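# Structural description and commentary
Each chain is listed here by its residues.
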Amino acid sequence: MSTWANLGLQDSASPLMEQLIFFHDHALLILVMITVLVGYLMFMLFFNNYINRFLLHGQLIEMIWTILPAIILLFIALPSLRLLYWLHEINEPSVTLKSIGQQWSWSYEYSDFHNVEFDSYMIPTNELANDGFDSLDVDNRIVLPMNSQIRILVTAADVIHSWTIPALGVKVDGTPGRLNQTNFFINRPGLFYGQCSEICGANHSFMPIVIESVPVNYFIKWISNNVNS
Ligand code: CUA
């Protein structure tokens, strides 16, 4: 999760988020190079005294400074497209989780396991445990197996919400009347926090998401306990 003064991206917990971070760093590097070059040129304009009374056109330089930026943009566009297609790929998921946005909470359904279902509400500040995270912890966490392909189906019951987990590189809108899907692969155990990221009403800030990533046998134990109850 994000902690104080963390202005960058969170540490990745999935291969796709790792690729998103690589792409971010790549794009930022190009951005810095352009900014430095243009900044230097603009700054140097203050100090040159060159005047040419007969200058009317410069075909060659116009060609160069039109085509060069287009080529630079390609170096961003092609990796961006590659990532976009990866993000849409569904790789034979072993678990499907359905998540329904409500005003203002999330409901979850494990359709593969006799439809285990539960609601997930934020824990209010006055009920928070001493080691809890304010506005981020929930009463019922999602439990998912690590090292497995997981499909997530997202929809909403009232207005548009967005199911977003930064560490996993997942951000899918939940829209009433539609069912969106994406997939992810959690490559380590731990707690992963997320929040709704569509402005959905008064308590938009208070419908967080918590994923508990556990080894597969722990997950099987957890799901079988919930199927029986
Ligand atoms: Cu739900 Cu914002």
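All residue numbers refer to positions counted from 1 along the written sequence of the respective chain. A pLDDT threshold of at least 70 governs which residues receive local features in this predicted model, and a stricter bar of 80 or more applies before side-chain atom pairs are shown or counted, although totals over entire chains, interfaces and linings include all residues. The side-chain quantities take in all heavy atoms of the structure and omit both hydrogens and water.

Before going further, it helps to examine the packing of aromatic side chains. Each pair of aromatic rings taken from Phe, Tyr and Trp, with Trp reduced to its six-membered ring, is defined by centres within 6.5 Å and is described as stacked if the planes are under 30 degrees apart, edge-to-face if over 60, and tilted in the remaining cases. Within the structure shown, the criterion is met by ten aromatic pairs. Between the aromatic rings of Tyr108 and Phe118, the centroid separation amounts to 5.8 Å while the plane-to-plane angle is 50°, which identifies the pairing as tilted. Linking Tyr108 in strand 2 (residues 105–110) with Phe118 in strand 3 (residues 116–120), this pair joins segments that are ten residues apart in sequence. Residue class for Tyr108 comes out buried when judged on its relative accessible area of 1%. Only protein chains enter the accessibility calculation, which uses a 1.4 Å probe; a residue whose area is less than 20% of its type maximum is buried, one above 50% is exposed, and one in between is partly exposed. On the accessibility criterion, Phe118 (15% relative accessible area) is buried. Relative to Phe219, the ring of Tyr110 has its centre 6.2 Å away and its plane inclined at 40°; by these criteria the two rings are tilted. With Tyr110 in strand 2 and Phe219 in helix 3 (residues 216–228), the pair connects residues that are 109 residues apart, well separated along the chain. Side by side, Tyr110 and Phe219 carry an identical accessibility label, which is buried. Through successive ring pairs, a cluster of aromatic residues spans Tyr108, Tyr110, Phe113, Phe118, Phe219 and Trp222. Secondary structure follows DSSP: runs of H or I at least 4 residues long count as helices, runs of E at least 2 residues long count as strands, and numbering of each begins at the N terminus.

Below, the discussion takes up the UniProt feature "domain: Cytochrome oxidase subunit II copper A binding" (unreviewed entry) in the protein chain. UniProt positions are given in the numbering used here, feature names are shortened, and annotations may be inferred rather than shown by experiment. Taking the UniProt record as the reference, the feature "domain: Cytochrome oxidase subunit II copper A binding" (unreviewed entry) is found at residues 92–225. Secondary structure across residues 92–225 divides into 7% helix and 45% strand, with the first and last C-alpha atoms of the span separated by 25 Å.

Turning to the side chain of Gln10, a few remarks are in order. The residue Gln10 is located in the segment before helix 1 (15–45) in this model. Working rule for contacts: check all heavy atoms of both residues, and any pair within 4.5 Å makes them a contact. The contact partners of Gln10, leaving out residues within four places of it in the chain, are Met1, Ser2, Ile21, Pro166 and Ala167.

Further remarks concern the environment of Asn49. Mapping Asn49 onto the fold places it in the loop between helix 1 and helix 2 (59–88). With 116 residues separating them in the primary sequence, Asn49 and Ile165 have C-alpha atoms 55 Å apart.

In this structure, Trp104 follows Gln103 across a cis peptide bond, with omega equal to -5°. Of note in the backbone geometry, Glu92 takes a positive phi value of approximately 40° without being a glycine. As for its placement among the helices and strands, Glu92 is situated in the loop between helix 2 and strand 1 (95–102). We note that Ser135 has phi near 65°; this positive angle belongs to a residue other than glycine.

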